[in-house]
Amino acid sequence: MPKKIVIVEDERDIAELVEHYLGKEGFQTEIVADGGRALERIRKSPPDLVVLDLMLPGMDGLEICRALRSEERFRAMPVIMLTARGGEADKVTGLEMGADDYVTKPFSPRELVARVRALLRRRSNQAEFNEPLQYGRLMLDPDRHVVEVGGKAVELTAKEFSLLKHLMGRRGRLVSRDHLLNAVWGYDYVGGSRTVDVHVRHLRRKIPMLAKALVTVKSFGYKLSEGP
Ligand code: CA
């Protein structure tokens, strides 16, 4: 089955360029030129990924992204933003609104295709872990986005949640900081691997059983021991 991609872009030249390159790679594409119609189109028949322009007539890309993320079934849908602005502030805003990746115009179509592939790959790796994960008294349910210890809910940020999910899905294995950075923050994340350490520290504080079970492997990464 070819993967379906909706391209939301009002500039026809760009939309067709993107469509051409994605089509050549075997993706099935559809262009939506109006921001106001994008949500309707995506809801009608959800694609595997959305390429979303920031500046659009009707409804802008950030609003569309926010609206998508507010619906449970679209929470994990990969979204790549296109924008003419390249400032770091815009990038942060786009990612905070829930975009998974970001490409600044003018961009190379090959780069966009590579990012589309990377995102779809990342998503299919995550799909294996959608069953609730149990680790002693600790339970993480990806579908309900809930973490509990002994039936008591633990409040985690989105990144802490994602980090914990990756570690629980790979218990007993060494996981490098780079792997965690790619999986949780994305391969183009500009912060350093210290970010992982900081989030691990928060996890250990919020879930005391991890203080012992989640082992630091010096200058490499982390390992969640086989059993708690
Ligand atoms: Ca535009």
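Computed from a predicted model, the values in this text were never measured in an experiment.

So, on to the overall build of the chain. The helix and strand tally for the chain stands at 9 helices and 12 strands. Based on the C-alpha atoms only, the size of the chain along its principal axes is roughly 55 × 35 × 35 Å. Out of the 228 residues belonging to the chain, those deemed buried represent 47%. Counted over contacts in the chain with a minimum sequence separation of 6, partners at least 24 positions apart contribute 57%. By element, 51% of the accessible surface of the chain is carried by carbon and sulfur atoms, the whole surface being about 11800 Å². Side-chain charges of the chain comprise 38 positive and 33 negative groups, with the mean position of each set lying 8 Å from the other.

Relative to the elements of secondary structure, Pro132 occurs in the loop between helix 5 (109-127) and strand 6 (133-135). Residues Pro132 and Val146, 14 residues apart in the sequence, show an inter-C-alpha distance of 9.3 Å. When neighbours within four sequence positions are excluded, Pro132 is seen to be in contact with Met139, Leu140, Asp141 and Pro142.

Let us look at the coordination of the calcium ion. Only Asp10 (OD), Asp53 (OD) and Met55 (O) from the protein coordinate the calcium ion, and they sit 2.1 to 2.4 Å from it. Sequence positions of the residues that donate to the calcium ion give the spacing D-x42-D-x1-M. In this pair, Asp10 is assigned in the loop between strand 1 (4-8) and helix 1 (12-24) and Met55 in the loop between strand 3 (49-53) and helix 3 (61-69), connecting sequence segments 45 residues apart.

Turning our attention to unusual backbone geometry. In this model, Lys105 is joined to Pro106 through a cis peptide bond whose omega is -5 degrees. The phi angle at His145 is positive, at roughly 55 degrees, despite the residue not being glycine. With respect to the element layout, His145 can be found in the loop between strand 7 (138-141) and strand 8 (146-149). At Ser219, a residue that is not glycine, the phi angle is positive and equals roughly 55 degrees.

The subject of this paragraph is the pairing of strand 8. Two strands pair when backbone bridges link them, and strand 7 and strand 8 are joined in this way by 4 bridges, in the antiparallel orientation. What sits directly across from Leu140, in strand 8, is Val147. Hairpin connection, strand 8 to strand 9 (residues 152-153): the antiparallel pair is bridged by 2 residues, and Gly150 has positive phi, about 55 degrees.

Thresholds, definitions, all that
Residues numbered from 1 in each chain as written. Predicted model: local features only at pLDDT ≥ 70, side-chain atom pairs only at ≥ 80, totals over all residues. Heavy atoms only, no water. Helix = DSSP H or I, 4+ residues; strand = E, 2+ residues; numbered from the N terminus. Buried < 20%, exposed > 50% of the residue type's maximum accessible area, 1.4 Å probe, protein only. Contact = heavy atoms within 4.5 Å. Areas by Shrake-Rupley, 256 points an atom, 1.4 Å probe, with all protein chains shown as cover. Lys, Arg positive; Asp, Glu negative; His and termini not counted. Charge placed at Lys NZ, Arg CZ, Asp CG, Glu CD. Donors = N, O, S within 2.8 Å, 3.2 Å for Na, K, Ca; no water. Pairing = 2+ DSSP bridges.

Functional significance is not addressed by these values, which are geometric in nature.
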